[in-house]
Each structure stands twice: as structure tokens, then as C-alpha cells.
Amino acid sequence: MHKISIKNDNDIKGMRIAGKLSAEVLDYITPFIKPGITTEELNKICHNYMVNIQYTIPAPLNYCPKGHIPFPKSICTSINDIICHGIPGNKILKKGDILNIDITVIKNGYYGDTSRMFYVGEPSLKAKRLSNIAFECMWIGIVKIKPGVHLGDIGYAIQKHAEKSGYSVVREFCGHGIGKNFHEEPRVMNYGIPGTLEKLKTGMIFTVEPMINAGKREIKEMSDGWTIRTKDRSLSAQWEHTILVTKNGFEVLTISPNMPSPPKFIINT
């Protein structure tokens, strides 16, 4: 078992602030997501908002884990068959595209991390269903969270919902602990076996971020060293929240006025 940090009251206060700010970037960028705009333009808008309005630091910019080249932009933009880590550039969004924007800000040394799916114009029914199921997968994983639950319980719940809906779960990328570091223990897998892996404890903070493919789960890394696509070029969707384990359950830290509400079947449970 790897050591997982337990956040104190000051840490939790800092993480609430960072989480809220990261979600507010997604609120801010929403009206700009239209056919004809490039992902680089979206990057510039988000960067300026983070740096000049929020006074936050865009965590992805120049992020360089071992074995990688520095990530060159302030946000990740993953379109259609791109699973994650899409690099903003001259790609023009067109009607029917689906887009994941992944935001991580640093405020007072704390990281807030969240992502959402967006539609460019009206998506196909197939694309909309995939995005909705991925959203449900995230929330099905979140509502499992409370002290004593195993990480394997979360992964199993996500995997079960995705696969019964006819989709596959990406296994090479997953949620992660977060705090004063971008990525900490634990790894929060989106598949698993109930009753396995670490038990959750009050004060843990981590992301839940299922990546769900319309086709097979196999991935392909592109030559830029970052962009990950589906190997069969099928559509992929991802949603992400940062979560605090509380005494009686969980608290979503990446909240904002215009964040999508949980699915009705989650609210009514």
C-alpha cells in the first residue's frame, strides 16, 4: 500500500478555494465554445482569465513529469476520439464535435482539477449518449465515497455502469490524489474488484475522472508525446471532479454556479 496524505483543516480550506476557481474557468469558457473557434483561442481565453482575473497559475503549462516533454499549453482540449491530454492548437471546432476541457489551477500552492464535456453545436445522438453515460459513471463513482469504502468499490461501480451501457473503460489513465502536488497517491482506477485496494479515510482528497470509449478500450499515444486517442478512432468522453472524503461521505470541491447538476437518479438516491 502506498502512503496517502490526509489533509488538515488548512489544506481543506485551500483545496476548496482552488477547486472552486478551476470550475469557474469552465463556466467562463462555456459561451466561447462555438463552431469556428480554434482550441488555441480557447486556451488563450482560459489562460488570460486564470492569470489576469483569478490570479491563479495554470498547472498544465510547462508541466513535465518524468519521461515527457513539457506540456506547452494552459489547458487540455480533447476532441471526439481524443481521450485526454489534447494540446490546443490550430484545430477549428466544427458542428457536431464533442470536446473535453480539462482545467487545473494553482492557488496559494493548492491544485484544483476538473473537466467537463462540451458540445459544439448539436451533437449526434450517439455522441450525446456517450457523454451522458460518462457523466453518470463519474457520479456513480462519487456517491460510493465514504470512510471505509475501498478504492476497488469505486472502480467497480464505474466499470459496471459503463460496460452494461455498451461502452469500454480506459485503463491506462485514472483519477489521482491531489493537494499541494498535481498528482499524489492514490491512483483512482475506473475499473476494479469490490473490497480491494486502499480503504478511504476522512481527509483524503482525490479526483474521480472516468474516461469512457464508444468502441474498444485500447489507446494510442500520438507523436507529440501527450495526446492520447482511441486506437479504433471511436469517440471518447470524460468528466472529472475533485472530491474530499468527509466523516459521513464526500464533498465535491470543484463546484461553481453553472456546473452541471448530478443526474436525477443520483439526486433521488
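Residues numbered from 1 in each chain as written. Predicted model: local features only at pLDDT ≥ 70, side-chain atom pairs only at ≥ 80, totals over all residues. Heavy atoms only, no water.

- The name that an unreviewed UniProt entry assigns to the protein chain is Methionine aminopeptidase, with the source organism given as Candidatus Profftella armatura.
- Looking at the Function (unreviewed entry) heading of the UniProt record, one finds this comment for the protein chain: "Removes the N-terminal methionine from nascent proteins. The N-terminal methionine is often cleaved when the second residue in the primary sequence is small and uncharged (Met-Ala-, Cys, Gly, Pro, Ser, Thr, or Val). Requires deformylation of the N(alpha)-formylated initiator methionine before it can be hydrolyzed." (UniProt positions renumbered as here; feature names shortened; annotations may be inferred.)

Quick notes on the overall build of the protein chain
Next up, step 1: The number of helices and strands found in the protein chain is 5 helices and 15 strands.
Next up, step 2: The C-alpha atoms of the protein chain give 17 Å as radius of gyration, which agrees with the globular expectation for 269 residues (18 Å, within 12%).
Next up, step 3: Projected onto the principal axes, the alpha-carbon positions of the protein chain cover approximately 50 × 45 × 40 Å.
Next up, step 4: For the protein chain, the residues scored as buried account for 56% of the 269 residues in total.
Next up, step 5: Put simply, 72% of the contacts in the protein chain that link residues at least 6 apart link residues at least 24 apart.
Next up, step 6: A total accessible area of about 12,300 Å² is found for the protein chain, and carbon and sulfur atoms account for 54% of it.
Next up, step 7: Here the protein chain carries 34 positive and 25 negative side-chain charges, and the mean point of each set is 3 Å from the other. (Helix = DSSP H or I, 4+ residues; strand = E, 2+ residues; numbered from the N terminus. Rg over C-alpha atoms; globule rule 2.2 N^0.38 Å. Buried < 20%, exposed > 50% of the residue type's maximum accessible area, 1.4 Å probe, protein only. Contact = heavy atoms within 4.5 Å. Areas by Shrake-Rupley, 256 points an atom, 1.4 Å probe, with all protein chains shown as cover. Lys, Arg positive; Asp, Glu negative; His and termini not counted. Charge placed at Lys NZ, Arg CZ, Asp CG, Glu CD.)

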